[in-house]
Amino acid sequence: MAVLVTGASGFLGGRLVELLAARGERVILVARQSSRLTHLDHLTSDPSGQVVAVRVEIGSWAEAVPESLRAVLPEVTHIYHCAGCSTDWAPPETYYAGNVVATQSLLGVATQAPRLERFVHVSTTDIYGYPVIPGDETQPAVDVGLGYNHTKILGEQAAWAAAAAGLPVTIVRPASIYGPRGTAFVTDIAKLLRERTMALVDGGRVPGGFVYVDDVAEAMMAAAESPATLGRAYNLSSLQGETWKQYCVGLALAMSVPAPWINLPFAVAMAVGTAMEAPHRYLRVPGRPLLTRHAVYLLGRDQEFPSSRAQAEFGYGPRVSLEQGIDRSAAWLRDQARG
């Protein structure tokens, strides 16, 4: 028997593979030909074959499942779909391909896995549309017109449609995932801190919903094994209410760099983000804006979405404190700097 994981070249998927392998699971990675998997060389190079990589291009799945993938489906009992485009700035077609087409393709593949017991789809609390007051899983999805928010909603809709057709689906909606190898909340923020351009919104007073990558991966594995989670969605946040100021100041301290000094009111930050996006959107200026509306929403709206359903139904409870997570992230950053 085996588990199949997408997104192993990325942050969450890569760590999930390591933890699954540590539990003794046989793991099949699905990755594009161009995806870098060097961080998993210690596993994929093992002659035991416990962890193997299947290289396929997602676009080809719409017409027919590649033979290399079809060959392993009879042994797959669980699928963890971590792949996606999670950046705050990308072309619309990149978001759509990563968050909608990839999900639809994998759901189609899942219907051809005869022993499949669970399909775990990684969504996000961003689907709620960044409300002022975060609600539980009964809160409706709200499309605010941002590429990530919009396409993650569409990806969830595809997963729910598959569930209605009989696929054993469970959805997790993590808030702000951070930790070693993290991009948005570790390497990107570290770069801004070093450059003294990291901005807090409203003094960084709102909770960021920070959840360490291992805690998300452990939650996914627990949810996949529980009969109570079938056809259900779960918020995953820190449960502690740590703020953006706590996180950014803590990371700066661990990195031995100055704490952020820029502070913008939410309305001003949103106006600045909108203005900075304009040349990239309308004039096709390459690169990314220094500040985006997506980033402003994350920094200025409470991300501590209630996770009591996950606590009650499969025992969710983060084990890594913010301080521990920041220390581990900073240690990884130092290792990267040393090459």
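Analysis parameters
- Sequence order sets the numbering: in each chain, residues are counted from 1 along the sequence as written.
- In view of the model being predicted, local features appear only for residues whose pLDDT reaches at least 70, and side-chain atom pairs are presented and counted only at 80 or more, with totals across whole chains, interfaces and linings using the full set of residues.
- Note that water and hydrogens are dropped before the side-chain values are worked out from all heavy atoms of the structure.
- Helix numbers and strand numbers start at the N terminus; a helix is a DSSP run of H or I with at least 4 residues, a strand a run of E with at least 2.
- When two rings of Phe, Tyr or Trp (its six-membered ring) have centres within 6.5 Å they constitute a pair, described as stacked for plane angles under 30 degrees, edge-to-face for angles over 60, and tilted for the intermediate range.
- Each residue gets one of three labels from its accessible area relative to the maximum for its type: buried under 20%, exposed over 50%, partly exposed in between, using a 1.4 Å probe on protein chains only.
- Placement of a positive charge over a ring is assigned whenever Lys NZ or Arg CZ falls within 6 Å of the ring centre and within 35 degrees of the normal to the ring plane.
- By definition, a residue's bend is the angle between the axes fitted to the seven residues ending there and the seven starting there.
- Contacts between residues were defined by any pair of non-hydrogen atoms, one from each residue, lying within 4.5 Å.
- Between any two strands, at least two bridges found by DSSP are needed for them to pair.
- Axis definition: a line fitted to C-alpha atoms, over the contacting stretch in the case of helices. Angles run 0 to 180 degrees between N-to-C directions.

Undergrad: Is there a simple way to explain unusual backbone geometry in this structure?
TA: Excluding glycine, most residues fall at negative phi; most peptide bonds, likewise, are trans. The residue Y130 is not glycine, and still its phi comes out positive at about 60°. Residue position: Y130 is located in the loop between β5 (118-122) and α5 (147-164). At R181, a position not held by glycine, the phi torsion is positive, near 75°. Looking at the secondary structure, you find R181 in the loop between β7 (176-178) and α6 (183-195).

Undergrad: Help me understand the packing of aromatic side chains, please; the structure alone is not making it clear to me.
TA: Within this structure, the stated rule accounts for 11 aromatic pairs. For the pair F185 and W244, a centre-to-centre distance of 5.8 Å together with 50° between the ring planes defines the contact as tilted. With F185 in helix α6 and W244 in helix α8 (residues 244-255), this pair connects stretches of sequence that are 59 residues apart. In this structure F185 comes out as buried when scored by relative accessible area, which is 14%. Among the residues examined, W244 registers a relative accessible area of 1% and is labelled buried. Ring centres of F210 and Y247 lie 4.6 Å apart, and the angle between their planes is 15°; on these two criteria the pair is classed as stacked. Of this pair, F210 sits in strand β9 (residues 210-212) while Y247 sits in helix α8; the two residues are 37 residues apart in sequence, bridging distant segments of the chain. Owing to a relative accessible area of 0%, Y247 belongs among the buried residues under this scheme. Among the aromatic side chains, those forming a connected cluster through ring pairs are Y178, F185, F210, Y212, W244 and Y247. Taking NZ or CZ as reference, R281 lies 5.9 Å from the ring centre of Y282, over its face.

Undergrad: What exactly am I supposed to notice about α6 here?
TA: Counting along an α-helix, one turn takes 3.6 residues, and residues three or four places apart therefore face a common direction. When the local axis directions of α6 are compared, the greatest deviation, roughly 30°, occurs at I189. Taken residue by residue, α6 has F185, V186, I189, A190, L192 and L193 as its buried positions. Against β7, α8, α10 (293-300) and α12 (322-338) lie the buried residues of α6. Where α6 ends, the next residue or the one after it, R196, has phi of about 65°, a positive value.

Undergrad: Help me understand the sheet that holds strand β2 (residues 27-31) in this model?
TA: A sheet is described by the order of its strands in space; here 7 strands give the open sequence β3-β2-β1-β4-β5-β6-β10, paired in parallel fashion. A single partner strand is all that each edge strand has here, and the edge strands are β3 (51-55) and β10 (233-236). Across this sheet, the average inter-strand angle for adjacent strands is 20°, counted without regard to direction. Summarising the sheet, strand β6 (residues 169-174) and β10 pair through 4 bridges and their orientation is parallel. Looking at the pairing, P174 lines up with L236 of β10.

Nothing here speaks to function; it is all geometry.
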